[in-house]
Amino acid sequence: MRRNILVTGATGKQGRSLLRALVHPHKPPNSPSPPSNLDNVQQYGAYDYHIYALTRDPTSLAARSLLSIGAELHSPDYNGESPVELAKGDLDDEKLMEKVFENVKPWGIFACLAYPGLGVDASGEERQGKMLADLSLKYGVECFIYSSATRAGPKYEDLCEKSALAKSRIERHCRDLGDKEGLPWTIIRPGFFFENFDDFIGSMTYSVLKSGLKKETAVGFIGAEDIGRVAAAVFGDNKKYKYKVLCLCSEFLTMNQLEESHQRTVHRRMPRVPSAFAWIITRLNNATQDLIRDLERSHLARAEGSYVEIDEELRLANEAYKMRPHAEYIMQRTDEGAVDVGREWNGLSLKKLLTGRL
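So, how was this worked out
Residues numbered from 1 in each chain as written. Predicted model: local features only at pLDDT ≥ 70, side-chain atom pairs only at ≥ 80, totals over all residues. Heavy atoms only, no water. UniProt positions renumbered as here; feature names shortened; annotations may be inferred. Helix = DSSP H or I, 4+ residues; strand = E, 2+ residues; numbered from the N terminus. Contact = heavy atoms within 4.5 Å. Pairing = 2+ DSSP bridges. Axes fitted to C-alpha atoms, helices over the stretch in contact; angles between N-to-C directions. Expected span 1.5 Å × (residues − 1). Buried < 20%, exposed > 50% of the residue type's maximum accessible area, 1.4 Å probe, protein only. Arc of directions from axis to C-beta. Salt bridge = Lys/Arg side-chain N within 4 Å of Asp/Glu carboxyl O. Core = buried A, V, L, I, M, F, W, Y, C linked by side-chain atoms within 4.5 Å. Right-handed = clockwise from strand over helix to strand, strands pointing away. Patch = residues over 30% accessible without salt bridge, like charges linked within 9 Å, V, L, I, M, F, W, Y side chains within 5 Å. Areas by Shrake-Rupley, 256 points an atom, 1.4 Å probe, with all protein chains shown as cover. Lys, Arg positive; Asp, Glu negative; His and termini not counted. Charge placed at Lys NZ, Arg CZ, Asp CG, Glu CD. pLDDT = per-residue confidence, 0-100.

The chain goes by NmrA-like domain-containing protein in an unreviewed UniProt entry, where it is assigned to Trichoglossum hirsutum. According to its UniProt record, the chain has this under Sequence similarities (unreviewed entry): "Belongs to the NmrA-type oxidoreductase family."

Spelled out as structure tokens, the structure:
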């Protein structure tokens, strides 16, 4: 039976990861390789899904590149339907999104919203998330996955600001719709991406966290590819994860432990900038200070035991898909020669970091 999946944020790390996970289901250890053609692909579940990737501009290179994810599974002489299709839409245009829902008739939704940037107003993010939940209820979506973010738990929820506050309010809206109207939601909360340490901005990210965080502060990390695999597993067993929250952190590491893992695995130090430079950036940039404060608060919540729900949330995520620790993640990326190029990280450019202006 075909299940139509609508993916928002499809050109981002999480969206691309989910597309790959649905088109190329993860192969368990010692299992036979997936077929190179479509003859027996149903046994792997790949074509239970037809994926609609939401994009404002279907002609853009980023959007067109998504079609190749579906094409990878085909044999050279295959002329059938691709499992990935582009759907033109705009999350800031509710009427247009109504038409998308009418045309796609989604069985499932993966709601991943663009991060507005560190220190930036997130009212648009909140509005988009609530609108997607409302439309999903209206059009009878059977599995609504909202990709949120890890936070410090119920004790510190009232201290959320900007994007964290928007995510908290979207989650609450989903819960309310589930309680009152029956929206079948699942919330996933990814941690801090390992990919955030890629490239030059990534080297500053590591140095800023190393400089700003206390030595004992452990951060919850996740590789973006694993987010897609967990989400795909939720779609595959949606009733099991209905009304559940999953915390997507493969492990919690201090900056020193992250450095040790990196050096032990690839035999070189984490890319970095001079510590004095990182110290200046931290003191100049209010948004960076907010990030450090949030990470410290999340560590404190786990250390003091106030976030008791996290153990079950982590168990559920690893039950869906066993998330990879840093050493396994970085070794695989090194073997594949994978480098994600990005001039900005979470809305920060070098100019913004140096001037403190957002």
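On to the overall build of the chain, then. The helix and strand tally for the chain stands at 13 helices and ten strands. Residue pairs in contact within the chain that sit at least 24 positions apart in sequence constitute 81% of those at least 6 positions apart.

Taking strand neighbours across the sheet as the criterion, the seven strands line up as β3-β2-β1-β4-β5-β6-β9 in an open arrangement whose pairing is parallel. The two strands at the open ends of the sheet, each matched to only one other strand, are β3 (84-88) and β9 (244-248). On average, each strand axis in the sheet is inclined to that of its neighbour by 20°, with strand direction left out of account. Sheet analysis places strand β1 (residues 3-7) next to strand β2 (residues 49-55), joined by five bridges and oriented parallel. Within β2, the residue paired with Ile5 across the bridge is Ile51.

Turning to helix α8 (residues 255-266), a few remarks are in order. Between its first and last C-alpha atoms α8 spans 16 Å; for twelve residues at 1.5 Å apiece the expected length is 16 Å, and the two agree. Taken residue by residue, α8 has Met255, Leu258, Glu259, Ser261, His262, Thr265 and Val266 as its buried positions. Buried residues in α8, looked at end-on, bunch into an arc of 160°, giving them a common side. His267 sits one or two positions beyond α8 and adopts a positive phi of about 60°.

All right, on to the pattern of salt bridges then. Per the counting criterion, the structure on display carries 19 salt bridges. The partner of Glu98 in a salt bridge is Lys138, with the nearest N and O atoms 3.0 Å apart. With a gap of 40 residues between them, Glu98 in helix α3 (residues 94-104) and Lys138 in helix α4 (residues 123-138) connect regions that are remote in the sequence. Overall, Glu98 belongs to the buried group, its relative accessible area being 18%. Its salt-bridge partner being Glu313, residue Arg189 comes within 3.6 Å of it at the nearest N-O pair. On the criterion of sequence distance, the pair formed by Arg189 in strand β6 (residues 185-190) and Glu313 in helix α11 (residues 310-320) is long-range, its members being 124 residues apart. Through salt bridges that share partners, Arg151, Glu157, Glu171, Arg189 and Glu313 make up one connected network.

On to the nonpolar core, then. Counting residues in hydrophobic clusters, the biggest one holds 39 residues, and the most contacted among them are Phe110, Phe235, Leu246 and Leu248. Per-element accounting of this core gives the leading share, seven residues, to helix α7 (residues 224-236). The contacts of Phe110, once residues within four sequence positions are left out, are Leu6, Val7, Thr8, Gln14, Gly15, Leu18, Ile145, Ser147, Ile188, Ala231 and Phe235.

Turning to the sheet that holds strand β10 (residues 251-253), a few remarks are in order. The mixed open sheet is built from three strands, whose spatial order is β7-β8-β10. Lying at the two open borders of the sheet, with one neighbouring strand each, are β7 (192-193) and β10. Note: β7 against strand β8 (residues 219-222), two bridges, orientation parallel. Bridging across to β8, Phe192 finds its partner in Phe221.

Quick look at the pairing of strand β5 (residues 143-147) now. Extensive coverage of β5 is indicated by the burial of five of its five residues. The alternating pattern of β5 places Cys143, Ile145 and Ser147 on one face and Phe144 and Tyr146 on the opposite face, and all of these are buried. Inspection of the sheet shows strand β4 (residues 108-111) paired to β5 by four bridges, in the parallel sense. Looking at β5, one finds that Phe110 is bridged to Ile145. Handedness of the crossover is the feature at issue here: the chain leaves β4, passes through α4, returns alongside β5, and the resulting connection is right-handed. Sheet analysis places β5 next to β6, joined by four bridges and oriented parallel. When the sheet's bridge partners are listed, Tyr146 is paired in β6 with Ile187. Chirality of the crossover, the property in question, places the unit of β5, helix α5 (residues 162-181) and β6 among those that are right-handed.

Together, Asp92, Asp93, Glu94 and Asp134 line one region of the surface with negative charge. By secondary structure assignment, the location of Asp134 is in helix α4.

Per-residue confidence for the chain gives a mean pLDDT of 86, with 84% of residues at or over 70. When the criterion is pLDDT under 50, residues 339-345 qualifies, and its contacts beyond four places in sequence or with other chains add up to 20 contacts. Confidence over residues 353-358 falls short of pLDDT 50; this stretch has 18 contacts with residues more than four positions distant or in other chains.

Here Phe252 shows up in strand β10. Sequence separation between Phe252 and Thr217 is 35 residues, and the spatial gap between their C-alpha atoms is 9.1 Å. When neighbours within four sequence positions are excluded, Phe252 is seen to be in contact with Ala218, Val219, Gly220, Gln257, Arg302, Ile310 and Leu314.

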